[in-house]
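Each chain, written out:
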Amino acid sequence: MPTQPRSPQTSHPLSRRQFLAAQLALPLGVAATLRAASPTAAPTPATSSKLKIDRIETFPVRYPMTGYFKFFAGPSGEAGRAAVILKVTANDGTVGWGESVPLPTWSDETLETAVVALNRYLIPALIGADPTDFAGAHRRLDAAIAPAFSTAMPITRAGLDIALHDLAGKASGQSLHQLWGRPRGAPLTLSWTVNARTLDEVEPLVAEGRRRGYRHFNIKVAPDLEFDVALSRRVRALAPEAFLWADANCGYDPATALAAAPRLAAVGVDVLEAPVRPNRLSTYQELKKQGALPIYMDEGIVSPVELAEFIRLGMLDGVAEKPSRCGGLWSCRQQIELLQSKGLAFLGSGLTDPDISLAATLALYAAYGLKKPAALNGPQFLTSSVLKQPLTVVNGTLAVPNGPGLGIEVDEAKVRALAARS
Ligand SMILES: [Mg+2]
């Protein structure tokens, strides 16, 4: 008879909490490799943690907003920032919270498709799974909705991934950085989003950011390069010391993008993000070769696989990361580690993330030592919170919540009230 993996509770001097902590601190890929190579040496979490996902509840909501941001200007956006709040409950009663943040003006995922995919496909695939086995959970999700070019429905999936991280942290009594064996990291400096429709709007928008303690600015550019040059010049004049980050959201055609990089550099822009759509591989190569500005990708980087390919193809200087775009923390963490191993940079970005998604993002960026101001503009545009203690910007910075899992306390009554209002 082959030797069965022994239960840590009978063979191991560690408590379940200590054992889970040791399992979860293993570097990415190491636990899986160990399991594959020697199942008796490293019992799988499935046989060791005894935790199982018992049920997952979905709460579709829309967070009320303030200010103008083009992605929320349409008929659906005006109703507020859509999200599906997820509550995962394990068989021992431990709860993890997550949040999917679909945005149809930015990607091909909507609130409605997220709800259907979660309830009909993704959630059933996770029932009975070990919530601490992130790789196993993602395999189940891949089997439920297959990848196309890359991971399917990554924004929808990210909410589940975040909830599993919260649950695993609470089960082991660790915050996310401890799960990852990383430092907690310092509070993150934020970047204020300037989405000006006319040049007259620029000064009051920058002033509003400054009034709220921000010193760094990210500007929305494309498709009109003449406007973008004037906008960039004006923001640079108003904020000479700022990190000035231009995001085109894939809005230039290839020729305009190649003209834009040197002209934006000349008026003081520091980095250019997503000048063209990610399927314009050769344009990214030309922009990188041109070298007028550091080129960051965002849209289209979903799994670490295409990121590794795009790096090999010489398409980028770095990535504006966002766990929501990547299918969650599991994938985003691997991407940051890949970038760092190649000497490339990551910027911290988001999808106007509300509380729960924002808390996960903060923990990730701080643990990995984000250097530049983060374009996390949930606190700029969202006016509602479902937390007992909302995350608060202090002098243009946000601290990483401290405590097991995400370190936040979700107020379920607020979740239910927001869902009812939505
Ligand atoms: Mg972007």
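The sections below set out a description of the structure shown in this document. (Residues numbered from 1 in each chain as written. Predicted model: local features only at pLDDT ≥ 70, side-chain atom pairs only at ≥ 80, totals over all residues.)

Comments concerning the overall build of the protein
Phase 1 of the analysis: Summing up its helical and strand segments, the protein has 17 helices and 12 strands in all.
Phase 2 of the analysis: By residue count, 50% of the 422 residues in the protein fall in the buried class.
Phase 3 of the analysis: In the protein, once contacts between residues fewer than 6 apart in sequence are set aside, the share between residues at least 24 apart is 74%. (Helix = DSSP H or I, 4+ residues; strand = E, 2+ residues; numbered from the N terminus. Buried ≥ 20, exposed ≤ 12 C-beta atoms within 10 Å, placed from the backbone. Contact = placed C-beta atoms within 7 Å.)

Here's the deal with the sheet that holds strand β10 (residues 318-321)
Sheet strands line up and pair through hydrogen bonds in the backbone, either parallel or antiparallel.
Phase 1 of the analysis: Pairing in this open sheet of seven strands is parallel, and the strands run β5-β6-β7-β8-β9-β10-β11 from one edge to the other. The two strands at the open ends of the sheet, each matched to only one other strand, are β5 (191-194) and β11 (345-348). When the angles between neighbouring strand axes are averaged without regard to direction, this sheet yields 30°.
Phase 2 of the analysis: For strand β8 (residues 271-273) and strand β9 (residues 295-297), the ladder comprises two bridges, and the chain directions are parallel. When the bridges of β9 are listed, Leu-272 appears paired with Ile-295.
Phase 3 of the analysis: Lying over the sheet, helix α9 (residues 202-211) contacts β5 and β6 (216-220), oriented at roughly 155° with respect to β5. (Pairing = 2+ DSSP bridges. Axes fitted to C-alpha atoms, helices over the stretch in contact; angles between N-to-C directions.)

A short note on the packing of α9 against helix α10 (residues 225-238)
Phase 1 of the analysis: Across the interface, α9 lies against α10 with an axial gap of 10 Å and an inter-helix angle of 40°. Between α9 and α10, the interaxial angle falls into the category oblique. Here the hand of the crossing between α9 and α10 comes out right-handed. Taken together, the residues of α10 that come into contact with α9 (itself represented by Val-202, Glu-203 and Val-206) are Leu-231, Arg-234, Val-235 and Leu-238.
Phase 2 of the analysis: When the residues that make up the contact of α9 with α10 are grouped by side-chain class, the tally is five nonpolar, no polar and two charged. (Parallel < 35°, antiparallel > 145°, perpendicular 65-115°, else oblique. Left-handed = near helix turned anticlockwise from the far one by under 90°. Nonpolar A, V, L, I, M, F, W, Y, C, P; charged D, E, K, R; others polar.)

Details of the sheet that holds strand β2 (residues 81-90)
Phase 1 of the analysis: An order of β1-β2-β3 is seen for the three strands of this open sheet, with the pairing classed as antiparallel. The sheet is open, and its two edges are formed by β1 (53-63) and β3 (95-100), each paired on a single side. Strand-to-strand twist across the sheet, computed as the mean angle between neighbouring axes with direction ignored, equals 20°.
Phase 2 of the analysis: Where helix α17 (residues 412-421) meets the sheet, it contacts β1 and β2, and its direction lies at approximately 55° from that of β1.

Details of the environment of Arg-280
Phase 1 of the analysis: Looking at the secondary structure, you find Arg-280 in the loop between β8 and α12 (281-290).
Phase 2 of the analysis: Using a count of 19 C-beta atoms within 10 Å as the deciding quantity, one classes Arg-280 as partly exposed.
Phase 3 of the analysis: Between the C-alpha atoms of Arg-280 and Met-315, which are 35 residues apart in sequence, the distance is 9.8 Å.

Considering the nonpolar core
For soluble globular proteins, nonpolar side chains are generally found buried alongside one another.
Phase 1 of the analysis: Counting 124 residues, the largest nonpolar core has Ile-85 and Ala-363 as the members making the most contacts within it.
Phase 2 of the analysis: Considering every element that reaches this core, the biggest residue donor is helix α15 (residues 355-367), with 10 residues.
Phase 3 of the analysis: When residues are assigned to domains, this core turns out to be shared by domain 1 (27-33 + 51-179) and domain 2 (188-407), each giving three or more.
Phase 4 of the analysis: In contact with Ile-85, other than residues within four places in its own chain, are Phe-59, Val-61, Trp-97, Glu-99, Ile-356, Val-386 and Val-415. (Core = buried A, V, L, I, M, F, W, Y, C linked by C-beta atoms within 7 Å. Domains from an automatic or database assignment.)

A look at the environment of Cys-332
Phase 1 of the analysis: With respect to the helices, strands and loops of the structure, Cys-332 is situated in helix α14 (residues 329-341).
Phase 2 of the analysis: In the structure, Cys-332 is positioned 10 residues away from Lys-322 in sequence and 7.0 Å away in space, judged by C-alpha atoms.
Phase 3 of the analysis: Apart from the residues within four sequence positions on either side, Cys-332 is in contact with Glu-321, Pro-323, Cys-326 and Leu-364.

Observations concerning unusual backbone geometry
Phase 1 of the analysis: For the bond from Ala-222 to Pro-223, the omega torsion is 10°, close enough to zero to count as cis.
Phase 2 of the analysis: Locating Pro-223 in the fold gives a position in the loop between β6 and α10.
Phase 3 of the analysis: In the Ramachandran plot, Asn-395 falls in the positive-phi region, its phi being about 50° despite a non-glycine side chain.
Phase 4 of the analysis: Asn-395 sits in the exposed class, given 11 other C-beta atoms within 10 Å.

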